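Listed below, chain by chain, are the residues.
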Amino acid sequence: MDPIDCTPPEYILPGSRERPLCPLQPQNRDWKPLQCLKVLTMSGWNPPPGNRRMHGDLMYLFVITAEDRQVSITASTRGFYLNQSTAYHFNPKPASPRFLSHSLVELLNQISPTFKKNFAALQKKRVQRHPFERIATPFQVYSWTAPQAEHAMDCVRAEDAYTSRLGYEEHIPGQTRDWNEELQTTRELPRKNLPERLLRERAIFKVHSDFTAAATRGAMAVIDGNVMAINPSEETKMQMFIWNNIFFSLGFDVRDHYKDFGGDVAAYVAPTNDLNGVRTYNAVDVEGLYTLGTVVVDYRGYRVTAQSIIPGILERDQEQSVIYGSIDFGKTVVSHPRYLELLERTSRPLKILRHRVLNDRDEEVELCSSVECKGIIGNDGRHYILDLLRTFPPDLNFLPVPGEALPEECTRAGFPRAHRHKLCCLRQELVDAFVEHRYLLFMKLAALQLMQQKASKVESPKSLENGDAPSSESKPEDPPAPEAGGEAEGSNASGLAKVKELAETIASDDGTADPRSREVIRNACKAVGSISSTAFDVRFNPDIFSPGVRFPESCQEEVRDQKQLLKDAAAFLLSCQIPGLVKDFTDHAVLPMDGATLAEVMRQRGINMRYLGKVLDLVMRSPARDQLDHIYKIGIGELITRSAKHIFKTYLQGVELSGLSAAISHFLNCFLSSYPNPVAHLPADELISKKRNRRRRNRPPGAADNTAWAIMTPQELWKNICQEAKNYFDFSLECETVDQAVETYGLQKITLLREISLKTGIQILLKEYSFDSRHKPAFTEEDVLNIFPVVKHVNPKASDAFHFFQSGQAKVQQGFLKEGCELINEALNLFNNVYGAMHVEICACLRLLARLHYIMGDYAEALSNQQKAVLMSERVMGIEHPNTIQEYMHLALYCFASSQLSTALSLLYRARYLTLLVFGEDHPEMALLDNNIGLVLHGVMEYDLSLRFLENALAVSTKYHGPKSLKVALSHHLVARVYESKAEFRSALQHEKEGYTIYKTQLGEDHEKTKESSEYLKCLTQQAVALQRTMNEIYRNGSSANIPPLKFTAPSMASVLEQLNVINGILFIPLSQKDLENLKAEVARRQQLQEASRNRDKAEEPMATEPEPVGASEDAATQPPAAKDPSSPSLQG
């Protein structure tokens, strides 16, 4: 084996406190860009005059070659040639050499040797890069760090920025795209079969990503003051803008629209709620119902909503155009039969109840959405719905209503709490989980009653007199025990099956069900709050508790039930979802690594971020508090950076464009630097203006010409952060400075910097920052490179591809790898078809494919797929996203299997560096990483280094999985193997004994793991005894001792790979020879049976019957056994 250099950089070693930033984007110091030309630009003699146009001149170019030769080139219909013009003298005659060329490159090759050489090299270099490094991503991803770049002169770039004119004002008719028409037409495309659906989804996705890009650009132009308002006379907060056929409005409460809901704060959250509504209605995808293209952009402290424009809406008043819903939060309400019909189709999937409300004339109006949802028929005849901010029911935990008491679970947790605005809604995921929970309860209640009926039938022939079943009074929150009396589980399962059958019979209403069964279903329906008494159907009325909405007298009972349902949903969030989340954290079923992944995990369970304080309280009170240490740290970091983001938003609104970098660096110094009193550098007026008293024209919306931001101090900022955490998240932070926060909660400043930069769009210079210096501030204004928009938009899905992907996953988990692989390949093709080459879902697809190929023994294919997954994850998620770290680890494993040891090590070191940067060392995932690194180092015989990593992994595993866990036993075994290789048998024995004890207590004496461990202990003892004998011999006989050679085993690559597979959750199920024989015999027997039955059926249909299991068992005999680890991240996609 060739010696390879395996020494990791110092900062990666376990226990290192240093967290450098520069390795995040490694720079190639020797790289110099190849310069082919000095200048290539349009000549000042353009456009060609009429007489030259008649000679075929199209335009003139001006070039300065690398050799400093200045030439003028004519581009004509016949080709390119040099002309005799100079900077001051126009002469279109051909210059010598009189060479006419068909391409510009050919002409430049002729006149400049440097161009010829460098351009060829440049093209060659470009082709060598992987296509995934060059292809554009559908949605822009910004990096929060960037290296110092030289700003070189480039006339073409300068021209590009201004000639497209899309930079700023838009007055060129026929050049802009009609976004609304494009968005709606793509939705109308046919979708009857797969090719049609693919075409439709691709068109929808393409238009959406283009619209998002255009809207983002427009929003930035609006805030930077480069777009004229359509109402310029009004004050800046109230201005609206139209640019490139997109309508822009700012997140302020204009005309007191949200006065009752929390003013500006409500106006700030309304756009995101509206976007969630748009997302949901788009997902339901009802034909004939249209939503607006919507993008929400946060930039420089402002929130801008960008929407496509309904044809004709600008010509008429809003009052005239709204024919469904209300424009004043429920005082005047109108309805329309066509809208009711369209929205009725969405009501079932969205769990929205069709209900009646009163308008200002006390007439009943029927709606199938919240009152704010407005219906407008555009000039194109399409039915649009907009203002979907209350698509989902209100969250009563944050909406105190006088005279309404919440369930005990809520009051115990300190709810209801007044929030800053009254637009708090439950998430769609929560509504779905709640309905699912109610459905299980409904089944259990009905099964219980059926069994009680059966029991009473057996005891007495008389039927039950009391129609009301005994369990219907039981509170829906605590389901009765599923077994009635001492009945076994089995009968309960059959009971549930009966209920299902019964429910279907009654729902189909064909009169076959007997009255007593109907009674059972009716009682169960009533108990779970179903709106129908014959079938399970839970829906919410989104207008309950809306200020200003009144309900007719006749609906009072329904309203009362709906109020109860909302209270139950609020209680369900606190009593089921949050504890369920904490239990998942404790079981390590989900492993968030940074704020974004924590937020994603919470949202998947329907828990809004405003509950973060509650989640952290529960984590603190959890009996397994130590095993949740990583969650607590991530949560506290997220709480601090979110509170800081809220403060930063208002802080930035008062900053002039010229003072932006000074203001941001000052804020970061107050937030993260240990320097006690950073002074803000006000933008020095280097230029003295004559007219100082003139008011500046394009000021940012709502800003005074002030420098209030400059007086902020670290003490004040941290006081505000603690106050914000208390007010918003109801959590008390115990820290007054950043250093106290770092000390108390074990946070890292570099992690806080990453989190705040990602949340606010700041981009900083890639260099080492001395956060802890008490002599100078960490950031100067030169360190802030840019501020980017943070964009929220709809993500259209590729439905067919996703179904293929899910079926593939299911097949793999059942162990049918070949079929799974085919399905996932098919999914990959469809994803590529819809999304193009780059997308998060394609990334998941490639990762699973790589894993499957690896399990099936095709290492090269696994490596190729995984490499694509890594490149793609870096591009679409970010270079230090936790997902990318996972991809690196998989790639390292496949590299090791393909004998690329040094590459595998570099990848693992990179993954470890990124984990340290994103979170720090103390994370359960670190144990897996360190085990991987330790094993590879063991394989290349770097024993001391290997031990450092493996012992760290052992410590982390012990902390997070408890000292008695099987993971810890495995860790002990890995450490023991390295000690054995070092011939330190005492330590090896000690670790293996620990492992053996765990196996024995957890799995029992007879388990194969326990037996293996006991065998290994015997082997170690024999080696230790042999070594001791040899040593004694040496002591006795000195140098003349006759020593038998000792057998020290350097680990074989195969054994290291086997251990790597085990720790990464890839298990090959060993089949003994006997099993294989049995399997083959079984297959043969089935085939004979099949043959016999075929011969019988030959008269009817020759190849009709081929039962599936045969194919499956043949496969099982011919392919390596499956990965049976549903917990591994890759199998869950």
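A few points on the structure. Fair warning: this is a prediction, and the values are worked out from it, not measured in the lab. (Residues numbered from 1 in each chain as written. Predicted model: local features only at pLDDT ≥ 70, side-chain atom pairs only at ≥ 80, totals over all residues. Heavy atoms only, no water.)

**Considerations on helix α25 (residues 840-855)**
- In this model, α25 (16 residues) spans 23 Å end to end at C-alpha, consistent with the 22 Å of a helix rising 1.5 Å per residue.
- Among the 16 residues in α25, 15 count as buried, and that is most of the element.
- Note on α25: the residue one or two positions beyond its end, Gly 857, has a positive phi of about 90°. (Helix = DSSP H or I, 4+ residues; strand = E, 2+ residues; numbered from the N terminus. Expected span 1.5 Å × (residues − 1). Buried < 20%, exposed > 50% of the residue type's maximum accessible area, 1.4 Å probe, protein only.)

**Digging into the packing of helix α28 (residues 901-918) against helix α29 (residues 924-939)**
- Between α28 and α29, the least distance of the axes is 10 Å, while the angle of their chain directions is 155°. What the angle tells us is that α28 and α29 run roughly antiparallel. Handedness of the crossing formed by α28 with α29: left-handed. In this structure, α28 contributes Leu 905, Leu 908, Tyr 909, Ala 911, Arg 912, Thr 915 and Leu 916 to the contact, and α29 contributes Met 926, Leu 929, Asp 930, Asn 932, Ile 933, Val 936 and Leu 937.
- Among the residues making up the contact of α28 with α29, the classes are represented as ten nonpolar, two polar and two charged. (Axes fitted to C-alpha atoms, helices over the stretch in contact; angles between N-to-C directions. Parallel < 35°, antiparallel > 145°, perpendicular 65-115°, else oblique. Left-handed = near helix turned anticlockwise from the far one by under 90°. Contact = heavy atoms within 4.5 Å. Nonpolar A, V, L, I, M, F, W, Y, C, P; charged D, E, K, R; others polar.)

**Quick word on the environment of Leu 122**
- Within the secondary structure layout, Leu 122 lies in helix α3 (residues 113-128).
- Assessed through its relative accessible area of 36%, Leu 122 is described here as partly exposed.
- Sequence separation of Leu 122 and Leu 34 is 88 residues, and the distance between their C-alpha atoms is 6.9 Å.
- Beyond its immediate stretch of four places on either side in the chain, Leu 122 contacts Leu 34 and Cys 36.

**Considering the packing of helix α6 (residues 179-188) against helix α7 (residues 194-223)**
- Orientation of α6 relative to α7, taken along the N-to-C sense of each, is 160°, at an axis distance of 8 Å. The angle between the axes of α6 and α7 places the two elements in the roughly antiparallel class. As α6 runs across α7, the sense of the crossing is left-handed. Of the residues in α7, those in contact with Trp 179, Glu 182, Leu 183, Thr 186 and Arg 187 of α6 are Arg 200, Ala 203, Ile 204, Val 207, His 208, Asp 210, Phe 211 and Ala 214.
- Split into classes, the residues belonging to the contact of α6 with α7 amount to seven nonpolar, two polar and four charged.

**Thoughts on the side chain of Ser 546**
- Of note, Ser 546 is situated in the loop between α14 (515-528) and α15 (556-586).
- Reaching out from Ser 546, the side chain makes a polar contact with the side chain of Arg 390 at a distance of 3.4 Å. (Polar contact = N/O pair within 3.5 Å; in protein donor to acceptor, adjacent residues only side chain to side chain.)

**A closer look at the environment of Leu 823**
- Among the structural elements, Leu 823 can be located in helix α24 (residues 817-835).
- Considering only alpha carbons, one finds Leu 823 and Gln 809, 14 residues apart in sequence, at a separation of 8.6 Å.
- When residues no more than four places from it in sequence are discounted, the contact partners of Leu 823 are Phe 804, Ser 807, Gly 808 and Lys 811.

**Observations concerning the nonpolar core**
- Core analysis: the biggest nonpolar cluster contains 268 residues, and Phe 671 and Leu 733 have the highest contact counts within it.
- Of the residues forming this core, the biggest block, 13 residues, is contributed by α15.
- In this view, Leu 733 contacts Ile 636, Leu 639, Ile 640, Ile 721, Cys 722, Ala 725 and Tyr 745; residues no more than four positions away in its chain are not counted.
- Counting 14 residues, the second-largest nonpolar core is a separate cluster that includes Cys 36, Ile 73, Phe 80 and Phe 115. (Core = buried A, V, L, I, M, F, W, Y, C linked by side-chain atoms within 4.5 Å.)

**Concerning empty space enclosed by the protein**
- Scanning all chains against the criterion turns up five cavities of 30 Å³ or more.
- As for the largest cavity, its lining consists of 15 residues, of which Lys 633, Ile 634, Gly 637, Leu 747 and Thr 751 are closest to the centre.
- Among the residues forming the lining of the largest cavity, the class breakdown is six nonpolar, five polar and four charged. (1 Å grid on protein atoms, 1.4 Å probe; cavity = no way out; pocket = protein on both sides within 12 Å on 5 of 7 lines; lining within 4 Å. Points joined across faces, edges and corners; volume = space filled by probe spheres on them.)

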